[in-house]
Each structure stands twice: as structure tokens, then as C-alpha cells.
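Now for the letters of each chain:
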Amino acid sequence: MLKSNREEIERILQHGADILSGKPELADMDLEEVLNILDDGTSAMLQDRWGVVARIICTTITDFSSDALVLELAKYKDIGFTCEYVGYLLFTNYGTDLESLLLEADRQEVLDKIVPFVYPNVQYNESLCLERFCEVCTMLNSHVDTREYQTLISTYVDYIENHQIYSEVAQSFNNLAGQSQYDIMRKIANTWYHHACQEASETTEKLLTYDSLWSKKAGLDFLETSLQYGTSDFLKAYTKVETMIEANQSLWISAIPLFVQALSIDVYDDRECTAFTKILSKLNTIPEGSLEERRQFISTIQWKGTIHEDIEPIFRRIISLPFGKDNDILHMLDIHFYISLNKHIDSAGSVLKRLYVVFSANNYRIDYDKFFDALPSTQRKLTEFSSEATEAALNYLLIGGKSQFFFGLGLLKWVGNITKLYQERESSHKLNANCLTEEQIIRIMKGILYFSFDAKYVCRTSFLLLLLAGRIGDIYYQFCIDEIFANYPGTMRDVSEHFKSSKNERYVLLAAKVEDAGQEATKAYTIGRQIQDISPSYNHLRIYQHAQSELMRQSEERNGPSFLDALFPKRILKYGAKIAFIMKGTKGELHLK
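Residues numbered from 1 in each chain as written. Predicted model: local features only at pLDDT ≥ 70, side-chain atom pairs only at ≥ 80, totals over all residues. Heavy atoms only, no water.

**Overview of the overall build of the chain**
Move 1: What the chain contains, in helices and strands, is 32 helices and 2 strands.
Move 2: Across the 593 residues that make up the chain, the buried fraction comes to 46%.
Move 3: Put simply, 72% of the contacts in the chain that link residues at least 6 apart link residues at least 24 apart.
Move 4: Surface accessibility of the chain: about 30300 Å² in total, with carbon and sulfur atoms responsible for 50%. (Helix = DSSP H or I, 4+ residues; strand = E, 2+ residues; numbered from the N terminus. Buried < 20%, exposed > 50% of the residue type's maximum accessible area, 1.4 Å probe, protein only. Contact = heavy atoms within 4.5 Å. Areas by Shrake-Rupley, 256 points an atom, 1.4 Å probe, with all protein chains shown as cover.)

Rendered as C-alpha cells:
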């Protein structure tokens, strides 16, 4: 793959040189203009034009010292994949040292502008100068919360793994001195154990004996990885780990993933049983512990569809206790519940019960939108079971207390599908088995009307609920006019247009009543405007029109192009397609790929 990538880059650059040789006037044009001229609509040229621009940029550079290069390269913005090709030319044709370029960029405070030229080309280094690499790591400690940090850490981890220089890097780091060295070590632990288990095992022992907190944390991560290859390393180091945690409680957070993984081992002897009993006792303190402890525990099990039987009770206790509506925990639970559904480990009913436990424990109630919005993956998966979810939502709305009522509102809005439930009941001849009474429908609609702020959803639901109703009299229809139409007259009339031609007689009847109410309202408004004493004042009318204008502006803004269109205009995309990936880092930061 590395050879293939390199051959492709050299082909593009050679093609760029050939084009520039045939059209030398391109060198005097604006780079954006060059890209436009060369874009002939073919997929090949969408890619190869970047090689032309890279050649133009390199021909303008006269001083190839690191400080001069940084000054020159930092001037270029929005040149897309040209950065990779310019960096490749500088590295291969002019012998530019990539690590020196990064260090100089940091000194000039333009690291973010230089990283795109460097990181794609690190892989082509035949050997890594470990001394300068350590300097880069030290420099990166000042950029931990940036996209450039994540990019470079991932780049160097790939290099270390591809060249299998684990031991050399560990020896150059020695006693870890910062976040960057720790992140690199923990990321290479898995492949190191896979390629050289004994060597990695010896490094684990060294890391635990070093003084720095970073080294000890890395040692715990290495121990967790070692459990994939047996328990010998873990048992050998367990007493040391216990002593470390007692001496420094901050290490307890780092030890939680290790202890959870250790407890997930099903077969162990008497000697191991003693250690694991102590571990279980320690983990059992987490549900009543700090928010950070609970975050770490949920983080450890979030990707596990199946939770070990010794861990399951701890997990149930954690989600049954309030965690202050912490979004990090909620997002991690979203991943866990999605996986358990996707792998058919838990049923939809089981997941819904657990979601309610979390909802109730944290007293979301009126914030039900915030709750379900933080669970996008689980929510999307539950739509595959929308009939079951709708049935559950109706039960929560009708037979529960306040928490159940608001949970039911959110579940019906975000996951429910009344039409699908009706169709399933109809096909299974159970249409009349669980019909809603008129009183029950009014109760549900009052909840939706009073606590939902989506006018279209409120109005549509007032029609759809008729599918699930038993005998309906005038009371419900009058409620829809007096309460729903009175609050949302325009939306109710628009929605009724979609239902008035339906074959469902109830839809048609409600639509007709809405139409009649609309005509009466229009008539009353017309008469009212002719009476000067009761017509709205100019100031009131102006305020109303301004509010309407603002609502329209916000609606247009929401329906406009996504922010990805702004981030990735066609001209800076390598292959011309508007596709990008957004990755969320360990600290919540976003990375565009």
C-alpha cells in the first residue's frame, strides 16, 4: 500500500510537470484560476490538477531553510491536497527535514498551517531521528487539545507500527515526560504485544517502576493489553498496582479499564481468584463514587455489547443513580445500547426499560428532547422496532407518573410511528384489542400540545391518533378545534390538507371541522379589522411582523446548506465529492478527515 501510494503521488507530480511544460503560462496565474482551468470534468483531472499547483508552488521557493520554508508555506490557504504533494516534493527533491519543519512552525506559531504539508509524508521517512522526534513530542504537549496534535500522534503511531521500532521509541522516551509520549505508548501497546509479546511484557514492567505518573498510566494500559495473552503479567504486577493506587488515588481512574478487563476473564485458578475478589470489591465502590469514576467505567464497557456477569450488576447500579445529566455518560450509553441492539444481545423492550431508568434517575422530565437528542444511534436503531416503541410510549403516557409521562412523550416523538403500529395491528387482526378511548386520546394530545414545541408534529399527531382510537364522539374533535387549532391555526389547516382526501372517515371529518373553523376565523378576522377600536395597533402589528420575519429567517437558516458545504467546497476536494468524516476525540474535540 505504501509503495502504491508513493507511485500514485509521483505519477500525479510527473503529470503536473508535463502539463506545466506544455502550458508555462499557468505558472503566472492565481492558483484557484489554475484549478478551474484544468478542471475538464474528468475524474482523472480532478486529482491530477493538484500536481500542477504543487509544481508551481515549489518553483516559487528559493530558500529551503526551515525558517524560510515555514514563512513561505504558511501563506497558502485552501489549497487542499496540494499540501501533500508540495510536502512530498520538499522531502524527496530538496531533502527537507519534516521534524525540523514542525519545530520551526511551532516557534513561528503557525503549526496548524504547516502540519498539512508534513503529516502525509512522514510515512516515507526511511529512518526516524529519535532525538528530533522526542523534541516534536515535547512540543506537542503544548497543543494537546488541537486537531494538529491528534493528526501527528496518529501519524507517528502508524510509522512506529509499520517500521516496528517499538523498543527504540520506548528507550528514547525512557521515563515518560508528557501527554504526547503517553498517548503514543498506549496506542502502540496492542500491536507491540502482537508482534513481540516478550519485549512488550518487559516494557510493561519497566513502565510500572518509573517515577512519572505518565509512565505508570502507560504501564496500566500495557497490563490491560497483556490480558489478551494470559494473566501472568497481570498477576505478577498486581501487588505493585495495588501499592501504586494506594499511594496515588489519581491512578485509580486509569486502573478501572484494567480491572474491568481482568474481571471479564472467565477461567482462573485459586491464586487469581484472590486478586479478582479484591478487584470486584474495589469496582463495587464506583456507583456511589465520583462522576469521573463512573465516566471511566461506562467508557470501558461502552463498546462491549455483552457485559460480563460480574460487571453487569455494577453497570445497573450506575445507570440507576443520578449522574447530573452528564452528556459524556449519555453519549457513551448511546453507543452501548446501540451495539446491544445491533448484535441482538438485548431486546428493544429491555433497552427501553434501561433508558427509562436513566431518564427517571436523572429527572429529565421536561428536558425529554435533550435526553433523546443525546442518543442518536440508539434512537435510530429503535426505529426498527417503532411499533413496539409506540406501544410502550402510549403505556408510559397513560399509566405512569410524571417521569413516565414525559419519557412517553419523548419516546413517541423521537422513535414512535403510529401509522406502523396501526398497520401491524390491522394485519394481525388485533386492531380492536388495545383501542384508545376518547378520554385517553385527549390526555395524550394535551401532553403533546402543552409540552411539545413542534407545531407540525402536534397537528399531525392529532390526526394520526385517530387510527388507534375506539369509539370517538364530538368531544375529541371539539378539543382539536378549541385547543390545537386555536394555538396553531395556520399549521393545522396546512396539515389537514394532507388528510382531507384520505379514505379514513375520521381524518376527513376532522379535516372538515378544521376547514370550517378556519373559515369562521377568517370571517371573524375580516369583521374585526373593520372595527377600528378592536383592530391591532400599529406597534403591535409591527412587533408581530418582526417576530414572524425572525421565525422565517431561522427556518431558512436551518434548511440551508450544511456546515460541511462551507468546510469542503468542491475545489478543495481531491476527488470532487462532498464527503467528509468527523471524528470525536477522547476529550470531545472534533477532527475532520
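**Overview of the side chain of Ser201**
Move 1: Counting through the fold element by element, Ser201 comes out in helix H12 (residues 197–209).
Move 2: In contact with Ser201, other than residues within four places in its own chain, are Tyr193 and Asp233.

**Section: unusual backbone geometry**
Glycine aside, residues mostly have negative phi angles, and peptide bonds mostly take the trans form.
Move 1: A positive phi is found at Lys325, a non-glycine position, where the angle reads about 55°.
Move 2: Position of Lys325 among the secondary structure elements: in the loop between helix H18 (312–319) and helix H19 (327–342).
Move 3: The phi dihedral of Arg365 is positive, around 45°, even though this residue is not glycine.
Move 4: Checked against the element boundaries, Arg365 lands in the loop between helix H20 (348–361) and helix H21 (368–373).

**Thoughts on the nonpolar core**
If you look at soluble globular proteins, the nonpolar side chains tend to sit buried side by side.
Move 1: Membership of the largest hydrophobic core comes to 106 residues, with the highest contact counts inside it found for Phe234, Phe259, Leu283, Phe297 and Phe371.
Move 2: Apart from the residues within four sequence positions on either side, Phe297 is in contact with Ile256, Val260, Ile286, Ile311, Ile314, Phe315 and Ile318.
Move 3: Grouped together as the second largest cluster of nonpolar side chains are 76 residues, Leu111, Tyr124, Ala170 and Leu176 included. (Core = buried A, V, L, I, M, F, W, Y, C linked by side-chain atoms within 4.5 Å.)

**Some thoughts on the packing of aromatic side chains**
Move 1: A complete count under the given rule lists 30 aromatic pairs for this structure.
Move 2: Summarising the aromatic geometry, the rings of Tyr238 and Phe259 are spaced 6.4 Å apart at their centres and angled 50° between planes, so their arrangement reads as tilted. A residue pair is termed long-range when its members are at least 10 positions apart, and Tyr238 in helix H14 (residues 232–247) and Phe259 in helix H15 (residues 250–263) qualify at 21 residues. The pair formed by Tyr238 and Phe259 is uniform in burial state, with each residue classed as buried.
Move 3: Aromatic pair Phe371 and Phe372: ring centres 5.2 Å apart, planes at 90°, arrangement edge-to-face.
Move 4: Among the aromatic side chains, those forming a connected cluster through ring pairs are Tyr356, Phe359, Tyr364, Phe371, Phe372, Tyr396 and Phe407.
Move 5: The ring of Tyr182 carries the charged tip of Lys217 above its face, separated from the ring centre by 5.0 Å. (Phe/Tyr/Trp six-rings, centres within 6.5 Å; stacked < 30°, edge-to-face > 60°. Lys NZ or Arg CZ within 6 Å of the ring centre and 35° of its normal.)

**Considerations on the packing of H20 against helix H23 (residues 386–399)**
Move 1: At a minimum axis separation of 10 Å, H20 and H23 run at an interaxial angle of 40°. When the axis of H20 is compared with that of H23, the two are oblique. At the point where H20 passes H23, the crossing takes the right-handed sense. Residue-level inspection shows Ala348, Gly349, Leu352, Lys353 and Tyr356 of H20 in contact with H23, the latter providing Glu388, Ala389, Ala392 and Tyr396. (Axes fitted to C-alpha atoms, helices over the stretch in contact; angles between N-to-C directions. Parallel < 35°, antiparallel > 145°, perpendicular 65-115°, else oblique. Left-handed = near helix turned anticlockwise from the far one by under 90°.)

**Here's the deal with the pattern of salt bridges**
Move 1: All told, the structure shown has 20 salt bridges when counted by the stated rule.
Move 2: The shortest N-O distance in the salt bridge between Glu10 and Arg6 comes to 4.0 Å. Placement of the pair is Glu10 and Arg6 together in helix H1 (residues 2–22), with a separation of 4 residues, close to one helical turn.
Move 3: Take Arg6: its relative accessible area is 29%, and that puts it in the partly exposed class.
Move 4: Among the salt bridges present, the one from Glu312 reaches Arg316, with a minimum N-O distance of 3.7 Å. One end of the pair, Glu312, and the other, Arg316, are both in helix H18, 4 residues apart, so they sit about a helical turn from each other.
Move 5: Each member of the salt-bridge network shares a partner with another, and the members are Glu8, Arg11 and Asp48. (Salt bridge = Lys/Arg side-chain N within 4 Å of Asp/Glu carboxyl O.)

**Here we look at the confidence of the model for the chain**
Move 1: Considering every residue of the chain, the mean pLDDT works out to 88; 88% of them sit at 70 or more.
Move 2: Every residue in residues 567–593 is under pLDDT 50, and counting partners more than four places away or in other chains gives 62 contacts. (pLDDT = per-residue confidence, 0-100.)

**Structural notes on the packing of helix H8 (residues 130–140) against helix H9 (residues 147–163)**
Move 1: Following both chains from N to C, one finds H8 and H9 inclined at 150°, their axes separated by 11 Å at the closest point. Here H9 runs roughly antiparallel to H8, going by the angle between their axes. When you trace H8 past H9, the crossing you get is left-handed. On H9, the residues touching Phe133, Val136 and Leu140 of H8 are Tyr149, Leu152, Ile153, Tyr156 and Ile160.
Move 2: Of the residues belonging to the contact of H8 with H9, the class tally is 8 nonpolar, no polar and no charged. (Nonpolar A, V, L, I, M, F, W, Y, C, P; charged D, E, K, R; others polar.)

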